[in-house]
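Residue strings, one per chain:
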Amino acid sequence: MATFLYKLGRLAFRRRHFVALIWVALLTLAGVGAASAPAAGNTSFSIPGTEAQKAFDLLEARFPGMSADGATARVVFKAPGGGKMTDAGHKRAVEKTVEELADGSEVASVADPYTGHAVSKDGTVAYASVKYKVSGMELQDSTRDALKEAAQHARDAGLTVEVGGDALNATPETGSSEIIGIAIAAVVLVITFGSLLAAGLPLLTAIIGVGIGVSSITALASALDLGSTTSTLATMIGLAVGIDYALFIVSRYRAELAEGREREEAAGRAVGTAGSAVVFAGLTVVIALVGLSVVNIPMLTKMGVAAAGTVAIAVLIALTMIPALLGYAGRKVKPAGQKSRLLGGGRTPKRPGRPNMGTRWASFVVRRPVAVLLLGVVGLGAAAVPAASLELGLPDDGSQPVSTTQRRAYDLLSEGFGPGFNGPLMVVVDAKDSPAPKAAFAEVRARIKGLDDVVTVTPAAPNKAGDTATITVVPRSKPSSATTEDLVHAIRDKGADIARETGSTVLVTGSTAMNIDVSQKLNDALLPYLALVVGLAFLLLIVVFRSVLVPLKAALGFLLSVLAALGAVVAVFQWGWLSGLMNVEQTGPVMSMMPIFMVGVVFGLAMDYEVFLVTRMREAYVHGETPGQAVVTGFRHGARVVTAAAVIMIAVFSGFIGSSESMVKMIGFGLAIAVFFDAFLVRMAIVPAVLALLGKRAWWLPTWLDRALPNVDVEGEGLRTAAGHGNTDPDGEKELVRA
C-alpha cells in the first residue's frame, strides 16, 4: 500500500491543477445539487420492534385519521395575581386562543380546558391540548408560528402562557463557543507548523471535504429521508477528522523536507507513510459509524452512514488534495523545525540540538514504565468510578433550560396537576379476538387503577368498531424517573395476565413509553455493537501492525478511556459536579444514546492516534531499532502532531458544550473529555509504558498468521527496498526514493 500511495502522492503533486480542478468540480456539483434539490421533509421517526411502535401502528390501523404519532402541544395558562382561570375575563381570553389554535390545516383537534376538565383544583392553572395530523418533525414552520402567535395573544390579555410538547422543538443554539473551538484549532495549527500557510492547508481541505459531504447529504435528504441531525453529525465528525488527517500528512511532509528530500519526493513519501496510517485510521472510523446500524434504529443508521461517507471524503482529500496544495505552496511550507519569518523564522534557537518534549517524555516512560502504567490506569479507573451509578433515559421538557417556554410549561403543569402529568401513558387495548371487548376494557382499567404511582386513569375510549380502545394513565412521578419506568413495566406485566384471561392484548405507548423502549433497545444493542466494532477493528489493526498484542492493548486502552469519560459525564450531568461551570441547569439520567454513541465515535477517533503514533514506532522497529528506541523515535516524530490533533479535536467538540440543548451539550462534553483521556493518558502514557514492558514481544505474530495476512506495508518498508534497487517512478522521470 505504501508504494501505491507514494505514487499517488507524487502524481497529485505533479498534476496539481488536474487534482484541484476535480475537487472544485465535485464541490460545485454537490453545491448545485443541494441548491436545486427539493426541500426535504423532516425525517420520520420509528423504532422497529418496540412495543410502543407496535401500539402506534395498531392505532393507525384501528383509528383512521387519529394521527397517533402526530405532534402535540399543550398551551398552559396561569392566572395573574392569585386570580382564577375560571374568572370571566380569563375564560374569554382562553376561549379566543382555542379558536385561533383550531384554525390550521395541520391541526387535528383542540381540547377546550373548560369542557375537557383541564383546570387545576385550585383554579390557577389550565391548559389546552392541541393535536396535529403530522409528527413534530414534519410540522411546517407556519404551523409553529401560528402556535406562538396564539400564545402571545393570550399573554397580551394579561395571562401567563407557556407552550410545551413536541410541536415546538427548539433549534439548538451553540452560541459563540463553537466558533471559538474552530479558532483554537487554527491557533494550534499555526503553533504546530510555525507557518500560517501550512496551518491553513488542513483547515481548507477539511472545510472542502465537509462542504462536499454536507451538500451531498442535503441533495439526497428528500430522497433518503435524512434529517437535520444527520448533517450535524457529519459536520462535527468530518471537520474533526479532516483537520487531523491533513495535519498528519503535512507534518510528515515537513519531516521529509527536513531530511533533505526534494518537495515532490517528500510529498510522495508523506502520502506513502502517513497516508497509509490515514487510510487505516479512516477505516476504523467508518467501521464504527456504519456499525451503528446494528442498533436497528433507522434514524441512527442514516446518521452513521452519512457521517461515514464524510469521513471517506476526508481520507480521499487528504491523500490527493493535500499533496496538490503542497505543490502550489512550494517553498512557502518550511521543513520541520523551521518557522516562517512572520512567526520568528530565521532566529537562532537558544539551545540547538536539544531533544523535543516528545523525546524527553518517551525516554522517561521507557525508564519508568511500571510507575507510568500504574498512575495512568489508577487515574482513569478513579474517573470511571461514577459510571457504576449510570442511569440512562431520554430527556424531556423537564431537562430544557429554564429560559425555554417548554421548560416553563413543564413546570406550570407540575405545579398545577403534578409532575406525572407531563408524561401521560397511553394504554391501547386490542380486544378484536376477545369474546367480550367492553368487559376487557373495564378489566384493564380496573387493574391499572390498582397499581402504585397512578394518579388518574381515564375511561376507555373505543374505536367505531368497538374492538380497540385507548386508556390514558397519569403517573404520580415525572416522566424521566425510574418510578415511571417501573409503572410502564408493571402495566405490561398486568397486560400479559389480562391477555390470558380475556384474549385481549394490552400495549403501552406514548412519548414516555417510547423513550423507555428506545433506551432499552440501545442498552440491548450496546454489547453486540461493541463486539462488532472492536472485533473488526482488532482484525484490521492486526493487519496494520502485524502484531496480536498491540491491537489488544489498543482495544483495552480504548475501553478504559470510554469508561472514564462516561464516569465524567455521570459526575457532571447526573450528580451535578461542576454543573454551574458547564451551565447544566437540570441534572438527571444520562441520555440513553450516549454510551453507544461514544463507543462508536470515540473508538474511531482513538484509533486515529493509535495508528499514527504506533506506526511510527513500528516503522522504526522494522528499520532496525530496539523496541525501546522505537518508542522514543515514534514520540520524537509523532507526539507533537498527535498532541495538536487531540487539542484540535477537543476544541471542536467543546464548542458544542455551549449549546442550549442538553443532549448536544452532553455529547460535546462527553466526546471532548473522552478524546482528552484517550489521547493524553492512554496513547501518550499507557501505550508507551506497555510497549516498553513488552519489548520485542509487542511485535510478536504467529508464523502461520504472518503468512496468511496480506502485507499492506504501512511503515513504508517497500519504499526503502525500492530505493535500494534503484526503481523509478511510473514515468521514469526520477528515482523512486533518493538515498
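Conventions and cut-offs
- Residues numbered from 1 in each chain as written.
- Predicted model: local features only at pLDDT ≥ 70, side-chain atom pairs only at ≥ 80, totals over all residues.
- Heavy atoms only, no water.
- Helix = DSSP H or I, 4+ residues; strand = E, 2+ residues; numbered from the N terminus.
- Buried < 20%, exposed > 50% of the residue type's maximum accessible area, 1.4 Å probe, protein only.
- Contact = heavy atoms within 4.5 Å.
- Areas by Shrake-Rupley, 256 points an atom, 1.4 Å probe, with all protein chains shown as cover.
- Salt bridge = Lys/Arg side-chain N within 4 Å of Asp/Glu carboxyl O.
- Bend = angle between axes of the 7 residues up to and from the residue.
- Core = buried A, V, L, I, M, F, W, Y, C linked by side-chain atoms within 4.5 Å.
- Patch = residues over 30% accessible without salt bridge, like charges linked within 9 Å, V, L, I, M, F, W, Y side chains within 5 Å.
- Pairing = 2+ DSSP bridges.
- Lys, Arg positive; Asp, Glu negative; His and termini not counted.
- Polar contact = N/O pair within 3.5 Å; in protein donor to acceptor, adjacent residues only side chain to side chain.
- Expected span 1.5 Å × (residues − 1).
- Phe/Tyr/Trp six-rings, centres within 6.5 Å; stacked < 30°, edge-to-face > 60°.
- Lys NZ or Arg CZ within 6 Å of the ring centre and 35° of its normal.

Across its full length, the chain carries 22 helices and eleven strands. Split into buried and exposed, the 739 residues of the chain put 55% on the buried side. Partitioning the intrachain contacts of the chain with sequence separation of at least 6 by distance along the chain shows that 80% fall at a separation of at least 24. Accessible area for the chain stands at about 30,700 Å²; split by element, carbon and sulfur atoms hold 60% of it.

A few words now on the pattern of salt bridges. Scanning the model with the defined rule gives 20 salt bridges in all. In this structure, Asp 430 and Arg 62 form a salt bridge, with 2.8 Å as the shortest nitrogen-oxygen distance. One end of the pair, Asp 430, is in strand β6 (residues 425-430); the other, Arg 62, is in helix α3 (residues 51-62), and 368 residues separate them in sequence. According to the relative accessible area criterion, Arg 62 is buried, its value standing at 19%. Each of Arg 10, Arg 14, Glu 264, Glu 265 and Arg 269 takes part in a single network of salt bridges with overlapping partners.

With that settled, consider helix α9 (residues 263-290). Of all the bends in α9, the greatest measures close to 40 degrees and is centred on Gly 275. Within α9, 24 of the 28 residues are buried, which leaves the element mostly enclosed by the surrounding structure.

Before going further, it helps to spend a moment on the nonpolar core. Residues Tyr 245, Ile 249, Tyr 253, Tyr 609, Phe 653, Phe 669 and Leu 671 are the most contacted members of the largest nonpolar core, which totals 163 residues. Here this core takes 18 residues from helix α10 (residues 298-329), the largest share from any one element. Other than its neighbours up to four places away in sequence, Phe 669 contacts Ala 568, Val 569, Val 572, Phe 573, Met 582 and Ile 657. Ranked by size, the runner-up nonpolar core spans 26 residues in total, among them Tyr 114, Ala 126, Tyr 132 and Val 163.

Looking now at a nonpolar patch on the surface. Taken together, the side chains of Phe 18, Ile 22, Leu 26 and Leu 29 make up a nonpolar region of the molecular surface, amounting to roughly 400 Å² of accessible area. Structurally, Phe 18 is set in helix α2 (residues 16-36). Phe 18 gets classed as exposed once you look at its relative accessible area, which sits at 54%.

On to the pairing of strand β9 (residues 468-475). The buried fraction of β9 amounts to seven of the eight residues, a majority that puts the element mostly inside the structure. As paired strands, β6 and β9 are joined by six bridges and run antiparallel to one another. Pairing of Asp 430 across the sheet is with Thr 468, part of β9. Relative to β9, strand β7 (residues 454-457) is paired through three bridges, and the arrangement is antiparallel. Opposite Thr 456, over in β9, you have Val 474 as the bridge partner. Pairing analysis gives two bridges linking strand β8 (residues 461-462) to β9, with the strands arranged antiparallel.

Attention now moves to the side chain of Arg 263. Residue placement: Arg 263 occurs in helix α9. Buried within the structure, Arg 263 lacks any salt-bridge partner; Glu 262 is the closest side chain of opposite charge, at an N-O distance of 8.8 Å. Among the polar contacts made by the side chain of Arg 263, one reaches the side chain of Tyr 253 at a distance of 3.3 Å. Apart from residues no more than four positions distant in its own chain, Arg 263 is found in contact with Phe 13, Tyr 253, Leu 257, Gly 330, Arg 331 and Val 333.

On to unusual backbone geometry, then. Although it is not a glycine, Asn 296 adopts a positive phi angle of roughly 65 degrees. Inspection of the secondary structure assignment puts Asn 296 in the loop between α9 and α10. Using a relative accessible area of 41% as the deciding quantity, one classes Asn 296 as partly exposed. We note that Asp 453 has phi near 65 degrees; this positive angle belongs to a residue other than glycine. With respect to the helices, strands and loops of the structure, Asp 453 is situated in the loop between α14 (437-449) and β7. On the basis of relative accessible area, Asp 453 is assigned to the buried category, the value being 14%.

Take helix α16 (residues 511-545) next. Taking 1.5 Å per residue, 35 residues should reach 51 Å; α16 reaches 48 Å between its end C-alpha atoms and fits that length. Remark: the principal bend of α16, roughly 35 degrees, maps to Leu 526, with a proline, Pro 528, within the next four residues.

We now examine the packing of aromatic side chains. One pass over the structure, following the stated rule, counts nine aromatic pairs. Here Phe 417 and Phe 421 contribute two aromatic rings whose centre-to-centre distance is 4.8 Å and whose plane-to-plane angle is 20 degrees, an arrangement assigned as stacked. The exposure class of Phe 421 is buried, given its relative accessible area of 12%. Following the ring pairs from residue to residue traces out a cluster consisting of Tyr 127, Phe 417 and Phe 421. For Arg 16, the ring lying beneath its charged end belongs to Phe 13, and the centroid distance is 5.1 Å. Above the ring of Tyr 127, the side-chain terminus of Arg 74 is found at 5.3 Å from the ring centroid.

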